[in-house]
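Breakdown of the fold
Given next are the chains, with one letter for each unit.
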Amino acid sequence: MTINITINTNQINALDLSPLKSVIERLVIENAIASSEQKLRFDINFHRDDNDPRELSEIPEVRLWFIRADSQYPWLPFLLDWQAGEFARYTAMLVPHQFSSKDGIQYNPEALEIYLMHKVFILADWLKAQGLPATSRLKSMAQLIGYELDEAFFEVVL
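Here's a quick rundown of the structure. (Residues numbered from 1 in each chain as written. Predicted model: local features only at pLDDT ≥ 70, side-chain atom pairs only at ≥ 80, totals over all residues. Heavy atoms only, no water.)

Digging into the environment of Glu86
Checked against the element boundaries, Glu86 lands in helix α4 (residues 86-94). A sequence separation of 48 residues divides Glu86 from Gln38, and the C-alpha atoms of the two residues are 8.9 Å apart. Ignoring anything within four residues of it in the chain, the contact list for Glu86 reads Leu40, Arg41, Phe42, Leu80 and Asp81. Of the polar contacts made by the side chain of Glu86, one reaches the backbone nitrogen of Phe42; its length is 3.3 Å. Side-chain polar atoms of Glu86 contact the side chain of Arg89, separated by 3.0 Å. (Helix = DSSP H or I, 4+ residues; strand = E, 2+ residues; numbered from the N terminus. Contact = heavy atoms within 4.5 Å. Polar contact = N/O pair within 3.5 Å; in protein donor to acceptor, adjacent residues only side chain to side chain.)

Digging into the nonpolar core
One recurring pattern in soluble globular proteins: nonpolar side chains tend to sit buried together. Counting residues in hydrophobic clusters, the biggest one holds 52 residues, and the most contacted among them are Leu20, Leu40, Phe42, Ile44 and Leu76. Those elements giving two or more residues to this core turn out to be β1 (3-8), α2 (18-29), β2 (40-45), α3 (60-72), α4, α5 (109-130), α6 (135-144) and α7 (151-157). It is α5 that contributes the most residues to this core, 8 residues altogether. When neighbours within four sequence positions are excluded, Leu20 is seen to be in contact with Ile5, Leu40, Phe42, Trp65, Ala69, Tyr73 and Leu76. (Core = buried A, V, L, I, M, F, W, Y, C linked by side-chain atoms within 4.5 Å. Buried < 20%, exposed > 50% of the residue type's maximum accessible area, 1.4 Å probe, protein only.)

Some remarks on the pattern of salt bridges
Applying the stated rule across the entire model yields 8 salt bridges. The partner of Glu25 in a salt bridge is Lys21, with the nearest N and O atoms 3.9 Å apart. A residue pair is termed a helical-turn pair when its members lie 3 or 4 positions apart in one helix, as Glu25 and Lys21 do in helix α2 at 4 residues. Here Glu30 and Arg26 are joined by a salt bridge, their closest N and O atoms 3.8 Å apart. (Salt bridge = Lys/Arg side-chain N within 4 Å of Asp/Glu carboxyl O.)

Considerations on the pairing of strand β3 (residues 97-100)
Regular strands place side chains that alternate from one sheet face to the opposite one. Two elements, β3 and strand β4 (residues 104-107), share 4 bridges in a ladder whose sense is antiparallel. Its bridge partner lying in β4, Ser100 is registered against Gly104. Between β3 and β4, which pair antiparallel in sequence order, lie 3 residues. (Pairing = 2+ DSSP bridges.)

Digging into empty space enclosed by the protein
The tally for this structure, following the rule as stated, stands at 1 cavity of 30 Å³ or more. Glu37, Phe78, Trp82, Leu123, Leu127, Arg137, Leu138 and Met141 together form the lining of the largest cavity. Only α5 and α6 provide two or more residues apiece to the lining of the largest cavity. Looking at the lining of the largest cavity element by element, the count peaks at 3 residues for α6. By residue class, the composition of the lining of the largest cavity is 6 nonpolar, no polar and 2 charged. (1 Å grid on protein atoms, 1.4 Å probe; cavity = no way out; pocket = protein on both sides within 12 Å on 5 of 7 lines; lining within 4 Å. Points joined across faces, edges and corners; volume = space filled by probe spheres on them. Nonpolar A, V, L, I, M, F, W, Y, C, P; charged D, E, K, R; others polar.)

Set out below in structure tokens:
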């Protein structure tokens, strides 16, 4: 079952994480974090002018909301619905990039690598604390943004 979190302009401008926080708190109380893997989607209702060509990840206020969310819940990628593109969109909120009509999203390569390693280290520890296997999950997450992680890497990390 998909978990939808709707955030609006006022919540974004106020850096109000209450829609996310209430869902996370409910999952914790119900001991349902592990069973909610890759089920979370964001419905972002941010008001902008009709002639504003920017993608949501190019709007500073939206990006700042996601940076705040990431600081509160650095393991959030575990819950994001990867198949629906939520991890890619989440990454775009946190990593400097440009859009190209020809090539699509173009991340700053160094920033993307730092972001990925940061998430791998956080999630490796978090998954271990949850008693969940990490290697295949982390390899799959890295592949979503174009990276291959070697098995030997996990001997050091895990």
